[in-house]
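# Architecture and fold: a report
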Amino acid sequence: MFQFIPKVFSGVDVWKTQTSLCTQVFLKAGTLTSPFTGISCVSEKTRKEIMTKGSSGMEVILTSLENTRDLQTILNILCILNELLTVGGGRRVGVFVSKGGTAIVLQLLVQSGKEASPSEELMLHLHSLLAKVGPKDRKFGIKARLNGALNVTVNLLKQNLQNHKLLLPCLQVLRVYSSNSVNAVSLGKSGVVELMFKVIGPYSKKNTTLLKVALDTLAALLKSKMNARRAVDRAHVPALLAIYQDWHRNDTRHRHMLIRKSILGCIKNITNIKLGRKAFIDADGMRILYNTSAECLPVRTLDPLVNTSSLIMRKCFPKNRLPLPTIKSVFHHPLQHVPASGPVAQLYSQPPGVDDVVDESDDNEDTEVDTENDTENEEDEKDPRNDDIETDINKLRSRQVLTRPFEELRVYERFFREFSEDFQPPRLKDTPVDLDSISISKAPESKLELELVQGLSQLLLDASQSVNGGCGGEGPQEESGEQAVLEVPDTAALLPLHDPDLYLVMVKGTCSVPGYTEVAYPDYFGHVAPNFREHILERVYGVQRSKIFQDIERLIHPTDILDKVVYDLDFCPVIDDGECLKFNSQFESGNLRKAIQVRKFEYDLVLNSDINSNHYHQWFYFEVSSMRVGVPYRFNIINCEKSNSQFNYGMQVLMYSVQDAISGSPRWVRTGSDICYYKNHFSRSSIAAGGQKGKSYYTMTFTVTFQHKDDVCYFAYHYPYTYSTLKMHLQKLRALRTPQIYYRQEQLCETLGGNCCPLLTITAMPESTGNDHICQFRNRPVVFLTARVHPGETNASWVMKGTLEFLMSSSPLAQSLRESYIFKIIPMLNPDGVINGNHRCSLSGEDLNRQWLTPSAELHPTIYHTKSLLQYLTAIGRTPLVFCDYHGHSRKKNVFMYGCSIKETVWQTNVSASSSDLQEDLGYRTLPKLLSQLAPAFSLSSCSFVVERSKESTARVVVWREIGVQRSYTMESTLCGCDQGKYKGLQIGTRELEEMGSQFCVALLRLRRLTSPLELRNHHTHLLDMESDLIETRCNITCPTTYVMEEDEPAFLEEVDYSAESDEENDPDADHAHLDPSELSQNRF
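Residues numbered from 1 in each chain as written. Predicted model: local features only at pLDDT ≥ 70, side-chain atom pairs only at ≥ 80, totals over all residues. Heavy atoms only, no water.

Here we take up the overall build of the protein. Assigned secondary structure in the protein consists of 40 helices and 22 strands. Counting the 1085 residues in the protein, one finds 58% classified as buried. Of the contacts made within the protein by residues no fewer than 6 positions apart, 79% connect residues no fewer than 24 positions apart. (Helix = DSSP H or I, 4+ residues; strand = E, 2+ residues; numbered from the N terminus. Buried < 20%, exposed > 50% of the residue type's maximum accessible area, 1.4 Å probe, protein only. Contact = heavy atoms within 4.5 Å.)

A word on the sheet that holds strand β20 (residues 882-889). Reading across the sheet, the seven strands line up as β16-β17-β19-β18-β20-β22-β21 and stay open at both edges, with mixed pairing between neighbours. Two strands in the sheet have a free side with no partner beyond their single neighbour: β16 (741-750) and β21 (895-898). The average angle at which neighbouring strand axes cross in this sheet is 20°, direction not considered. In terms of strand pairing, strand β18 (residues 782-787) meets β20 through five bridges, oriented parallel. The partner of Ala787 across the bridge, within β20, is Tyr886. In the packing of helix α31 (residues 794-807) onto the sheet, the strands contacted are β17 (756-764), β18, β19 (822-826), β20 and β22 (967-974), and the crossing angle to β20 comes to about 140°. (Pairing = 2+ DSSP bridges. Axes fitted to C-alpha atoms, helices over the stretch in contact; angles between N-to-C directions.)

For the rest of this paragraph, the subject is the UniProt feature "active site" (unreviewed entry) in the protein. The sites that carry the UniProt feature "active site" (unreviewed entry) are, in the present numbering, Glu972. Within the fold, Glu972 resides in strand β22. Overall, the relative accessible area of 8% leaves Glu972 in the buried class. (UniProt positions renumbered as here; feature names shortened; annotations may be inferred.)

Inspection of the secondary structure puts Ser685 in the loop between β13 (673-684) and β14 (695-705). In contact with Ser685, not counting residues within four places along its chain, are Ile327, Asp356, Val357, Val358, Asp359 and Gln692.

The next thing to look at is helix α16 (residues 236-250). What sets the pattern is the α-helix's 3.6 residues per turn: residues three or four places apart point alike. Compared with the 21 Å implied by 1.5 Å per residue over 15 residues, the 21 Å span of α16 between its first and last C-alpha is a close match. Buried residues of α16: His236, Val237, Leu240, Leu241, Ile243, Tyr244, Asp246, Trp247 and His248, and no others. (Expected span 1.5 Å × (residues − 1).)

Once that is clear, we can look at the packing of aromatic side chains. Tallying each qualifying case throughout the model produces 40 aromatic pairs. Chaining the aromatic ring pairs together yields one cluster made of Phe583, Phe601, Tyr603, Phe620, Phe622, Tyr633, Phe635, Phe647, Phe702, Phe706, Phe715 and Tyr717. Positioned above the aromatic ring of Tyr541 is the side chain of Arg300, whose terminal nitrogen or guanidinium carbon lies 3.5 Å from the ring centre. Stacked on the ring of Phe896, the Lys or Arg Lys892 has its end atom at 4.6 Å from the ring centre. (Phe/Tyr/Trp six-rings, centres within 6.5 Å; stacked < 30°, edge-to-face > 60°. Lys NZ or Arg CZ within 6 Å of the ring centre and 35° of its normal.)

Using the criterion set out here, one finds 34 salt bridges in the structure. In this structure, Glu641 and Arg684 form a salt bridge, with 3.9 Å as the shortest nitrogen-oxygen distance. Remark: Arg684 occurs in strand β13 and Glu641 occurs in the loop between β10 (632-640) and β11 (653-657); sequence separation between them is 43 residues. Like Arg684, Glu641 is buried. What emerges from the salt-bridge pattern is a single network uniting Asp551, Glu553, Arg554, Arg599, Glu602, Asp604 and Arg634. (Salt bridge = Lys/Arg side-chain N within 4 Å of Asp/Glu carboxyl O.)

The next subject is the nonpolar core. If you look at the biggest cluster of nonpolar residues, it comprises 128 residues, and the most contacted ones within it are Phe583 and Phe635. With ten residues, the top contributor of residues to this core is helix α38 (residues 990-1011). Contact partners of Phe635, with chain neighbours within four places excluded, come to Leu581, Phe583, Tyr603, Leu605, Met700, Thr701, Phe702, Val704, Phe706 and Phe715. (Core = buried A, V, L, I, M, F, W, Y, C linked by side-chain atoms within 4.5 Å.)

It is worth spelling out α38 at this point. Between the first and last C-alpha of α38 there are 32 Å, a value that for 22 residues agrees with the 32 Å anticipated at 1.5 Å per step. Among the 22 residues that make up α38, 17 are buried, leaving the element largely enclosed by the rest of the structure.

Okay, the pairing of β18 next. For β18, the buried fraction is high: six of the six residues fall into the buried class. Two strands pair when backbone bridges link them, and β18 and β19 are joined in this way by five bridges, in the parallel orientation. Within the sheet, the bridge partner assigned to Val782 lies in β19 and is Ile822.

Here the focus is the pairing of strand β15 (residues 712-716). Buried residues dominate β15, accounting for five of its five residues. With burial as the criterion, each face of β15 is covered, one bearing Val712, Tyr714 and Ala716 and the other bearing Cys713 and Phe715. Judged from the four bridges that link them, β11 and β15 form a sheet pairing that is antiparallel. Paired with Ser657 across the two strands is Cys713, which belongs to β15.

As a further point, take the packing of helix α19 (residues 285-296) against helix α27 (residues 543-556). At a minimum axis separation of 11 Å, α19 and α27 run at an interaxial angle of 140°. By the criterion of interaxial angle, the relationship of α19 to α27 is oblique. For the element pair α19 and α27, the recorded crossing hand is left-handed. For the pair formed by α19 and α27, the contact residues are Met286, Arg287, Tyr290 and Ser293 on the first element and Phe549, Ile552, Glu553, Leu555 and Ile556 on the second. (Parallel < 35°, antiparallel > 145°, perpendicular 65-115°, else oblique. Left-handed = near helix turned anticlockwise from the far one by under 90°.)

With that out of the way, let us pick up unusual backbone geometry. The phi dihedral of Ser589 falls on the positive side, at around 70°, and the residue is not glycine. Position of Ser589 among the secondary structure elements: in the loop between β6 (582-584) and β7 (594-599). On the accessibility criterion, Ser589 (3% relative accessible area) is buried. Despite not being glycine, Ser626 has its phi angle at roughly 65°, a positive value.

Our focus in this paragraph is the environment of Ile741. Relative to the helices and strands, Ile741 resides in strand β16. Considering only alpha carbons, one finds Ile741 and Ala764, 23 residues apart in sequence, at a separation of 4.8 Å.

Another aspect to go through is the environment of Pro318. Looking at where Pro318 falls in the secondary structure, it is placed in the loop between α20 (303-316) and α21 (343-349). Spatially, the C-alpha atoms of Pro318 and Phe682 are 8.8 Å apart, while their sequence positions differ by 364 residues. For Pro318, the residues in contact, after removing those within four places along its chain, are Leu555 and His681.

Our focus in this paragraph is the state of the cysteines. Under the criterion given, the structure shown has zero disulfides. Just so you know, Cys756 is unpaired, no disulfide at all, and the nearest cysteine sulfur is the one on Cys757, 6.8 Å from it. Among the residues examined, Cys756 registers a relative accessible area of 25% and is labelled partly exposed. (Disulfide = S-S within 2.5 Å.)

Bringing the packing of helix α13 (residues 192-199) against helix α14 (residues 208-221) into the picture now. Two elements in contact, α13 and α14, have axes whose closest approach is 10 Å; the angle formed by their N-to-C orientations is 155°. By the criterion of interaxial angle, the relationship of α13 to α14 is roughly antiparallel. Helix-helix and strand crossings are classified by hand; for α13 and α14 the assignment is left-handed. Within the contact between the two elements, α13 uses Val192, Val193, Met196, Phe197 and Val199 and α14 uses Leu211, Ala214, Thr217, Leu218 and Leu221. A per-class count over the contact of α13 with α14 returns nine nonpolar, one polar and no charged. (Nonpolar A, V, L, I, M, F, W, Y, C, P; charged D, E, K, R; others polar.)

In structure tokens, the structure reads:
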């Protein structure tokens, strides 16, 4: 019957015919006869207006409602509308709103409210109708306020607190009113908050629907800071906690979980303000919610209560000071030239005695908005993240302007002797290595000497010689100073580029700021990739929540906390009583500043800042000993800074067991359980957060059970690759050179720390000294490769190792590749950062990959001279065919590339541009596509070619724009694993990373075949394929504001929000009472 109503009202027949048809329909149905007969009472003038306009059925009803003054007719029409909107759903409500129905009903409500004794039935119908319409009308709150409807509903509510029939629709409308912040303040001033506390109360089986709506209304009102303060002043926080406890005790069958959650919603909104958090603590709220949550944990359906309680407790947990005297690095390297501005300049200009760990009042900010994620909650059609994309066409075009005169660049000619020398193979100038002072016996793998591990806690160089001095020493020693004989597993066949003897020699020539005298066992023994697969760790349900509850126990049961410092670089030495683990990180690339024993088998760990910096805490590499076997130890790294991590998506830490190494398995393995990453209660000062107040650090926690007694184990963020390892590998690679390989290693420059930055030249020797062969040699295109500008991205070095090994191999493909290109390679752009355990910066305290626009020879020598090499090549007409900078990515899976494209950048932002402005060769897509066909770990769909303003000073963008290299890339390798292809579901290892480096070489060989003169006729066809791929990729973009440079995984569907903030839009447990079933299914975890 109701399906027929719209058809009747949508016609343009005579009014009497419409009324007659409708009346007949309802007469036959035997229902709603009187409501329709009332429509015939409308004035003749109104009927004529409707007929001339050809109005729809909804307009007929609304016009009738607006023009009639008869109470019974109004009630009849309202009854019809309620029935129509109840049956019709959201689509019909949308029609009602679009035809101005909301304003008409609100006007009628205000008019009726002015009467001395308004009809109760009329008020009931009006509020019932508004309760249906309000949630679907975005401007409902504004319309209600401007029409003066708020006071009408409030007065009606005050007069009918015991009339539950009328009270329910009034509360439903108030709930919608309160969703508007201005309305919420106005209603609070009218005493509505106090009215709500008259409605809600202790446990009762009666009127539960009414109580639920009242609680939701109160929660909406308490989003206003003013209302929250009012609730605190009137001692409503203890009252809410008492009500929640009462419902928790009596709702034994958990039939009213939504009511209990609504009570928590009110508490959550009150604790958005500092006064609310204090009132919550004073009312013993932490203990109340902790105990009730503990009782709810066994019941899975009560997870929403546990989650909301956890959110409240984390938010109210008092901010703690990071247990450090200063956030600046323990180590200091004085700079001869301090930057004029920026973080390093601020660091040097900071007055002595300033407390940079915590702000004077770190808890003075109300947390009504989650500042960590506020840009994700913008409802504006424009995605704010796209604001970073470059839209100036002129800035996107290649300039190829030399910023230095050619005469100044001519000094770099000496690095390109291959363009002018006599083509005789360079003589090897290997210096004999004096290993007399090192006594190392290579034993069979089966022989294991436990005394080695028991007697040595560190592998020491000569104690009288600092590594910083670069002098020889006595080799490995015991702590007593006598020479030790180490049994090294014989892995020469598996590790052709590793030699423990040679590694020690390389270490002694490495300059470190701390003056390291120890060598880490993993770097000495080497790493053999395991022959088993390491799957991405499956997330255990509720693991984050359980860890957070353990953290909350620290506040509730403080007497259980040991708080014992067991390792501290700031105040050495630390007393060892034999009841705790031993820690150490004083070796190359090590990073651990402090270790605190929290419980018997739990430790808080603090990472050191990058030198000359006060942040960048991510890379870690440390040693642990004196462990018990079979006991689960929990480790918490408590000063992480990034808002998310692959540790939330299946990534595990790496562990190296010395016992296993001596037993014949020298390898890093993925390990750890109960791994998660979340915001903690340690305050992050505005100095450390770039001026932002109210920030917190993040915790990365993992649990490990050790398998061997008296073992020495190492933990690392990713597979370590030290500077000394690079030097050892390069020396071993040099020994692989054959007469067919042109290999030259030079010192590009010296770093701030006094270390050499190596530059490699690799190609094939000319077949002869004939003019043709010499000409072919000189005209080979140049490929320029760099890596490890960020020290913490050790995977970049493993990829580079794979590239170098392939280039120096004797395979026909490698020989063909060498004959095709001249390779200029800088395998480590930031040796100082790598040596000293930095994550991001060099000794200048700056990110070197943000200095390419105007590098300083004094502060950024490696970048300055690398850019100069590229400028010299451009000046002599030898612009590289390909430039690629190897990196690691901490928040995405797979291996992928970032490139540069005018067209794709403009398309991404929908900036209007002429077709001539967008003309560019699509060859920049060729290499990524080839890699997607060759390398199992490579993902073309993860690649992006958009140029961002924030990346304008990176190597990729500067080399593309200033040097004019069309194929200028950053190749990012995951730190975690792959979610596609052959390695889907597996964590990435050194074998896969090295394979990626070799496959990159194969792709370059195919690229050469595609771009060589003999293949140009096929190249045009290939570019057409690229164009098709580009168009297809663009068509797959679901929204014009899709942000292709997204640096993160999708939000993890964890049952606890990562942040401890309180934005309702960020709350994963937001009330779904108003959602359709389809919406509920989309929001279910």
